[in-house]
Number of protein chains: 2
Amino acid sequence: MAKIATTVYEQIRTSILNGELSNAERLVEEDLALSLGISRTPVREALRRLAAEGLVDVSPNRGARVAEWDDHDLREIFDLRSILEAHAVELATPIASASEIEYLENICAEMEALALTDASSPDRIPGLAEKNRKFHGKIIEISNSSRLGALIETLVHVPIVMQTYKVYSPAALERSLRHHREIVNAMKAGDEVWASNVMRAHILAAREEILGGNN
Amino acid sequence: MAKIATTVYEQIRTSILNGELSNAERLVEEDLALSLGISRTPVREALRRLAAEGLVDVSPNRGARVAEWDDHDLREIFDLRSILEAHAVELATPIASASEIEYLENICAEMEALALTDASSPDRIPGLAEKNRKFHGKIIEISNSSRLGALIETLVHVPIVMQTYKVYSPAALERSLRHHREIVNAMKAGDEVWASNVMRAHILAAREEILGGNN
DNA sequence: TCGTACGAGATGGTATACAAGTCCAACGGA
DNA sequence: TCCGTTGGACTTGTATACCATCTCGTACGA
């Protein structure tokens, strides 16, 4: 029922995001098509879409490779995310409903509970990452600006890749969870300036955590 | 030499931007291919690219149509542009070279000269629009953040369409040119806060001008 | 009048073929 | 030995043909 191109797109995308495809690995249309048992056409479409999102690089007549990112890229991305997500929460705050606030609070609670569990649990990090995505995604959804959502979407991909490698320090994790709580509190108070500034701090802190503070 | 798909992409894009394609007009792959004397393959690719940029809407099995925008869309777009371009000039200000500043000043002078010419001249409005694009583009270039440039790029398309219909009032035009001058002055002074706030005001003013101030 | 079935028109995908571009490696000359 | 050239393998970009499937309007039938 689903379009094959979309399925392929998602497959390749998660493969990249999971790190199953090594850095700068070539993505040959025919190979992919063969291994997926389909023709080149939908593969091409999927690759173009991924290229538009910046997950793969394509050069004319040379095909597609998994994109690479350096510290400068990451810095750019977190900078922009901090600005756009701060704007999102600024828009969201005055129009968030009580039930939406409650939803965010529930995520906070779940993340806090998960943070306390055994550090060696295999579900812990993915679970936290997933709930984190939900938290940020919900705020963007509340902001009710489809284009803002689309812009952030394109920026979020790359950091996800890193998330699988970098593990937050306990202190950073705690700070992150406190930020979430504070954001919700600010929204509850209807203070969009407060909310947006915490959000910006939240993401810039994450940037330094990921960049290792060494640049 | 150039890829046909790219050529087609640009053709359709400028057709949309020039308003040569009426609103919500259907874009049938085979018709386009036939009229351009090429096959469906590159047309498909071009349409997908345009869809990724938001210039056309595609729905599964129903094909592509020229995208439509309402006031809400425009409001969103100008909001985001005001934020992102303000950020761009904030980044650009501390690192702009003297020659880059001079380049911007030249554009200011050219626009001012052009604004004084006969209002009935056919080149006046397109000339101003073109130089305006150059001005904003140069600042983004100076900011040296490729992703920021890419994000703004995707937002700039739609307002261009409107530019061809809406004509600035003389007062608005004058304000716009003064803003440009003030932005350059702020950059020259190395004051990125000043610069970014003028930029934000500049774009929000344009928004109200285009939306007619009636919402 | 309402529902349904039908058919025209398009898209999504497959298969195949080929020109042109890229890359690499072997070859040959300085 | 080193470097430039050549040639071919490998891909991409495009064309073409074909068909299943989907959409949508319409005419038919209950």
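Because the structure is a prediction, the values reported are computed rather than measured.

A. Broad picture of the nonpolar core. Counting residues in hydrophobic clusters, the biggest one holds 115 residues, and the most contacted among them are Leu84, Ile139 and Met187 of chain A together with Leu84, Ile139 and Met187 of chain B. Filtering out sequence-adjacent residues up to four positions away, Met187 of chain A remains in contact with Val89, Ala92, Thr93, Ala96, Ile101, Leu104, Ile139, Ile142 and Ala195 of chain A.

B. Region of the structure containing the protein's contact with DNA strand C. Taken together, 19 residues are adjacent to DNA strand C, and Ile4, Ser39, Thr41 and Arg62 of chain A together with Arg48 of chain B come closest. Among atoms of DNA strand C positioned within 4 Å of the protein, sugar and phosphate together represent 79%. Within the contact set of DNA strand C, a sugar or linking oxygen lies 3.4 Å away from a side-chain nitrogen or oxygen of Asn61 of chain A. Elements that contribute at least two residues to the surface near DNA strand C include exactly α1 (4–17) and α3 (40–52) of chain A together with β1 (26–27) and α3 (40–52) of chain B. A breakdown of the residues in the surface near DNA strand C according to their chemical character gives 6 nonpolar, 5 polar and 8 charged.

C. Highlighting the relation of the copies chain B and chain A. The transform that puts chain B on chain A rotates by 180 degrees and translates by 0.1 Å along the axis, for an RMSD of 0.1 Å. As the rotation angle and translation indicate, the two copies are arranged about a two-fold axis. Counting the interface residues of chain B, we find that 100% of their copies in chain A are interface residues as well, pointing to one common contact surface.

D. Representation of the domain arrangement of chain A. Segmenting chain A into domains produces domain 1 (4–66) and domain 2 (71–211). With centres defined by C-alpha atoms, the gap from domain 1 of chain A to domain 2 of chain A works out at 29 Å.

E. Examining the environment of Arg49 of chain B more closely. Residues and elements named next belong to chain B. Checked against the element boundaries, Arg49 lands in helix α3. Residue classification places Arg49 among the partly exposed positions, given a relative accessible area of 28%. When the C-alpha positions of Arg49 and Glu208 are compared, they lie 30 Å apart, and in sequence the two are 159 residues distant. With residues up to four places along the chain from it excluded, the contact list for Arg49 reads Ala5, Thr6 and Tyr9. A polar contact of 3.1 Å, which involves the side chain of Arg49, links it to the side chain of Thr6.

About the criteria used
Residues numbered from 1 in each chain as written. Chains lettered and ligands numbered in written order. Predicted model: local features only at pLDDT ≥ 70, side-chain atom pairs only at ≥ 80, totals over all residues. Heavy atoms only, no water. Core = buried A, V, L, I, M, F, W, Y, C linked by side-chain atoms within 4.5 Å. Buried < 20%, exposed > 50% of the residue type's maximum accessible area, 1.4 Å probe, protein only. Contact = heavy atoms within 4.5 Å. Near = heavy atom within 4 Å. Polar contact = N/O pair within 3.5 Å; in protein donor to acceptor, adjacent residues only side chain to side chain. Helix = DSSP H or I, 4+ residues; strand = E, 2+ residues; numbered from the N terminus. Nonpolar A, V, L, I, M, F, W, Y, C, P; charged D, E, K, R; others polar. Least-squares fit on C-alpha atoms with pLDDT ≥ 70 in both. Domains from an automatic or database assignment.

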